[in-house]
Amino acid sequence: MMRKCHLNTCPVGVATQDPELRKKFEGKPEHIINYFFLLAEEIRSIMARLGIRRFQDLVGRADLLAPSSKPVNPKAALLDLTAMILSDPNADPRPTKEQPPFPYGERLESKVIELGRRRRRATSSSG
């Protein structure tokens, strides 16, 4: 993975607005949209089988993970992921509400979000 799409330099032209890079993408945007719809449908199906209603409820649920008994790639059979899959029985499985390591309230997006919330409250209370 290149991990450059957010920089508008996507090497395959999928996630960019640059016309030169978009020429590299041979598919259609509808193909990507369809892929994500199918992906979401499969995720909802798996979550339903597990009895999970919200995506947030999956956070910290290492007990739902299990290594594949028949890995597709022979090299995958050599990996021991037990340490990653086993969870600490004493740990709280719920996500923590830790403060970010930066002053979140001073960021521009925080101010924009708060402005939107104020406008929504003002509109809903006047209507």
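Our structure is the block above this text.
The rules we used
Residues numbered from 1 in each chain as written. Predicted model: local features only at pLDDT ≥ 70, side-chain atom pairs only at ≥ 80, totals over all residues. Heavy atoms only, no water. Helix = DSSP H or I, 4+ residues; strand = E, 2+ residues; numbered from the N terminus. Buried < 20%, exposed > 50% of the residue type's maximum accessible area, 1.4 Å probe, protein only. Contact = heavy atoms within 4.5 Å. Areas by Shrake-Rupley, 256 points an atom, 1.4 Å probe, with all protein chains shown as cover. Patch = residues over 30% accessible without salt bridge, like charges linked within 9 Å, V, L, I, M, F, W, Y side chains within 5 Å. Salt bridge = Lys/Arg side-chain N within 4 Å of Asp/Glu carboxyl O. Phe/Tyr/Trp six-rings, centres within 6.5 Å; stacked < 30°, edge-to-face > 60°.

1. Some thoughts on the overall build of the protein chain
Part 1 of the argument: Helix and strand counts for the protein chain stand at four helices and zero strands.
Part 2 of the argument: Helices (α) and strands (β) of the protein chain occur, in sequence order from the N terminus, as α-α-α-α.
Part 3 of the argument: In the protein chain, which comprises 127 residues, the proportion classed as buried is 7%.
Part 4 of the argument: Within the protein chain, counting contacts between residues at least 6 apart in sequence, those at least 24 apart form 11% of the total.
Part 5 of the argument: Per element, the accessible surface of the protein chain, about 11900 Å² overall, is 58% carbon and sulfur.

2. As for a nonpolar patch on the surface
Part 1 of the argument: A grouping of Tyr35, Phe36 and Leu39 is seen on the molecular surface, where their side chains present a nonpolar patch of about 310 Å² in accessible area.
Part 2 of the argument: Along the chain, Leu39 turns up in helix α2 (residues 29-50).

3. Description of the pattern of salt bridges
Part 1 of the argument: Enumeration according to the criterion identifies four salt bridges in this entry.
Part 2 of the argument: With a shortest N-O distance of 3.5 Å, Glu114 and Arg118 are connected by a salt bridge. Residue Glu114 and its partner Arg118 are located together in helix α4 (residues 108-126), separated by four residues, close to a single helical turn.
Part 3 of the argument: For Arg118, a relative accessible area of 51% gives the class exposed.
Part 4 of the argument: A salt bridge links Arg121 to Glu114, with the shortest nitrogen-to-oxygen separation between them at 3.6 Å.
Part 5 of the argument: Connected through shared salt-bridge partners, Glu114, Arg118 and Arg121 make up one network.

4. Re the packing of aromatic side chains
Part 1 of the argument: This model, assessed by the stated rule, comprises one aromatic pair.
Part 2 of the argument: Ring centres of Tyr35 and Phe36 lie 5.3 Å apart, and the angle between their planes is 70°; on these two criteria the pair is classed as edge-to-face.

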